[in-house]
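A look at the structure
Below are the chains, spelled out letter by letter.
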Amino acid sequence: MAGSKNHTPVVLTVAGFDPSGGAGIITDVRTILCFGCRPVAAITSLTFQNTEGVFGAIHESAQSIRAQILPVIEEIPVAAVKTGMLPTAEIVLEIARLIRNHDLPPPVIDPVMRSSSGYELMEQEAIEVLCHELIPLARLITPNIPEAEALAGVRVEDESGMRNAAQKLREMGARAVLIKGGHLSQKSEVRDQKSAGRQATDLLHDEDETTSFRGEWIDAPLVRGTGCMMSSAIAACLAQGIALNESVRLAKEFVAGAIRQAPNFEADPVTLKITEITNLRE
Ligand code: PLP
């Protein structure tokens, strides 16, 4: 990473705590470090989980979110913000208020709604406040297909459905939308294809430009935290002045590497390093 220690860009993650380290703030912090940035963090919820599932959660209050974030941002200039699990309406509202009133960078929003084991991580009322208060402030929102369907209120069965949902999310005020197409591989019309030939296409809709990122679909049901990695990696790239398109490409490369390495547990995904990142600055 170029520059002196004092110039290391700071990335603020506001997310849930997963004690097993598979997802949430631990994954965010490790990813941000991999991309050469300095993580600072606020915890929205203490969840209880391991690789088998989520067994419960105790959520923070708006007051404790504010108390965690204010002393940090008053002292340290934050170059990028990323949000993960925002379980309640009062927390979403507080984050939006903090971003507006303290001139924080437009956030990368990972609209985490449920765990892969099916546990609801966000209340319905919080989803509504997210749509009205936080999405309009977003630099980028990164839903998977079920999250895009819930937020945009449309069915997504194929790539044109992804474009439609992305357009709707832009109309809600997000500056850019990245719809992660992994779940399309499990939908009916592609389910019968051999997994070796399956593609997972992500769609980026930024300002008036749409870019498709095609990649091989890797069947790795055991890997958790890929959404956390993706949004944290993008935020860390943006913090370094890298263009959004290139940030998404680098983040996808990082996540694909992590997925490939994770099932055999021989290599820790966070030992992956992004090199030559300094050449990619805007
Ligand atoms: N954040 C927390 C605290 C979680 O527990 C989970 C999933 O269980 C997630 C985020 C979402 O994880 P993923 O990156 O797999 O979407």
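Computed from a predicted model, the values in this text were never measured in an experiment.

Turning next to the confidence of the model for the chain. Confidence in the prediction of the chain, expressed as mean pLDDT, is 88, and 84% of residues score 70 or more. In this model residues 188-195 is a low-confidence stretch, pLDDT under 50, and it forms ten contacts with partners more than four residues away in sequence or in other chains. Contacts of residues 265-282 to residues separated by more than four positions or lying in other chains number 34 contacts, the stretch itself having pLDDT below 50.

What follows deals with the pairing of strand β8 (residues 199-206). Of all the eight residues making up β8, seven are buried; the element is thus mostly covered by neighbouring parts of the structure. As paired strands, strand β7 (residues 176-179) and β8 are joined by four bridges and run antiparallel to one another. Counterpart to A176 in the pairing with β8 is D206. Here eight bridges tie β8 to strand β9 (residues 209-216), and the two strands are oriented antiparallel to one another. Note on β9: the bridge partner recorded for L203 is S212. Remark: two residues form the turn of the hairpin made by β8 and β9, two consecutive strands paired antiparallel; E207 in that turn has positive phi of roughly 45°.

Ranked by internal contacts, the top residues of the largest apolar core, which has 47 residues, are I69, I95, L130, L134 and L151. Secondary-structure elements contributing two or more residues to this core are β1 (10-17), β2 (38-50), α2 (62-75), α3 (89-101), α4 (124-134), α5 (145-152), α6 (159-171) and β7. A per-element tally of this core places α3 first, with seven residues. Not counting residues up to four positions away in its chain, the partners in contact with I95 are V14, I65, I69, T83, L86 and L134.

Here the focus is the side chain of T211. Mapped onto the fold, T211 is located in strand β9. Among the polar contacts made by the side chain of T211, one reaches the side chain of N245 at a distance of 3.3 Å. Those residues in contact with T211, other than ones at most four positions away along the chain, are D202, L203, L204 and N245.

Per the stated rule, a full pass over the model turns up 16 salt bridges. Put simply, R114 and E120 hold a salt bridge, and the shortest N to O gap is 2.6 Å. Residue E157 pairs with R155 through a salt bridge whose shortest N-O separation is 2.8 Å. For E157, a relative accessible area of 30% corresponds to the partly exposed category.

Before going further, it helps to spend a moment on the site of the ligand. Lining the immediate surroundings of the ligand are 13 residues, of which Q49, S115, G225, G227 and C228 lie closest. Within the backbone of G227, an N or O atom sits 2.9 Å from an oxygen atom of the ligand. Between an oxygen atom of the ligand and a main-chain N or O atom of C228, the distance comes to 2.9 Å. Protein chains bury 90% of the 400 Å² of accessible surface belonging to the ligand in isolation. Here the shell around the ligand gets three residues from one element, more than from any other, and that element is helix α8 (residues 226-239).

Before going further, it helps to spend a moment on the packing of aromatic side chains. For the structure on display, the rule yields one aromatic pair. Centre to centre, the rings of F35 and F254 are 5.1 Å apart; their planes meet at 65°, and the pair counts as edge-to-face. Taken as a pair, F35 in the loop between α1 (24-34) and β2 and F254 in helix α9 (residues 244-261) lie far apart in primary sequence, 219 residues in all. Accessibility classification places F35 together with F254 in one group, the buried group.

Attention shifts here to a nonpolar patch on the surface. Residues L46, F48, F55 and I58 make up a contiguous nonpolar surface patch of roughly 400 Å² in combined accessible area. Mapped by element, the contributors of at least two residues to the nonpolar patch are β2 and β3 (53-59). Mapped onto the secondary structure, F55 falls in strand β3.

Moving on to the state of the cysteines. For the structure shown, the criterion picks out zero disulfides. Residue C37 stays outside any disulfide, its sulfur separated by 7.7 Å from that of C237, the closest cysteine. By relative accessible area, C37 is classed as buried at 4%.

A separate point is α3. Between its first and last C-alpha, α3 extends 18 Å over 13 residues, near the 18 Å set by a 1.5 Å rise per residue. Buried within α3 are the following residues: A89, I91, V92, E94, I95, A96, L98 and I99. In this structure, the buried side of α3 is in contact with β1, β2, α2, β4 (80-83) and α4. D103 lies just past α3 and shows a positive phi near 55°.

About the thresholds
- Residues numbered from 1 in each chain as written.
- Predicted model: local features only at pLDDT ≥ 70, side-chain atom pairs only at ≥ 80, totals over all residues.
- Heavy atoms only, no water.
- pLDDT = per-residue confidence, 0-100.
- Contact = heavy atoms within 4.5 Å.
- Buried < 20%, exposed > 50% of the residue type's maximum accessible area, 1.4 Å probe, protein only.
- Helix = DSSP H or I, 4+ residues; strand = E, 2+ residues; numbered from the N terminus.
- Pairing = 2+ DSSP bridges.
- Core = buried A, V, L, I, M, F, W, Y, C linked by side-chain atoms within 4.5 Å.
- Polar contact = N/O pair within 3.5 Å; in protein donor to acceptor, adjacent residues only side chain to side chain.
- Salt bridge = Lys/Arg side-chain N within 4 Å of Asp/Glu carboxyl O.
- Near = heavy atom within 4 Å.
- Areas by Shrake-Rupley, 256 points an atom, 1.4 Å probe, with all protein chains shown as cover.
- Phe/Tyr/Trp six-rings, centres within 6.5 Å; stacked < 30°, edge-to-face > 60°.
- Patch = residues over 30% accessible without salt bridge, like charges linked within 9 Å, V, L, I, M, F, W, Y side chains within 5 Å.
- Disulfide = S-S within 2.5 Å.
- Expected span 1.5 Å × (residues − 1).

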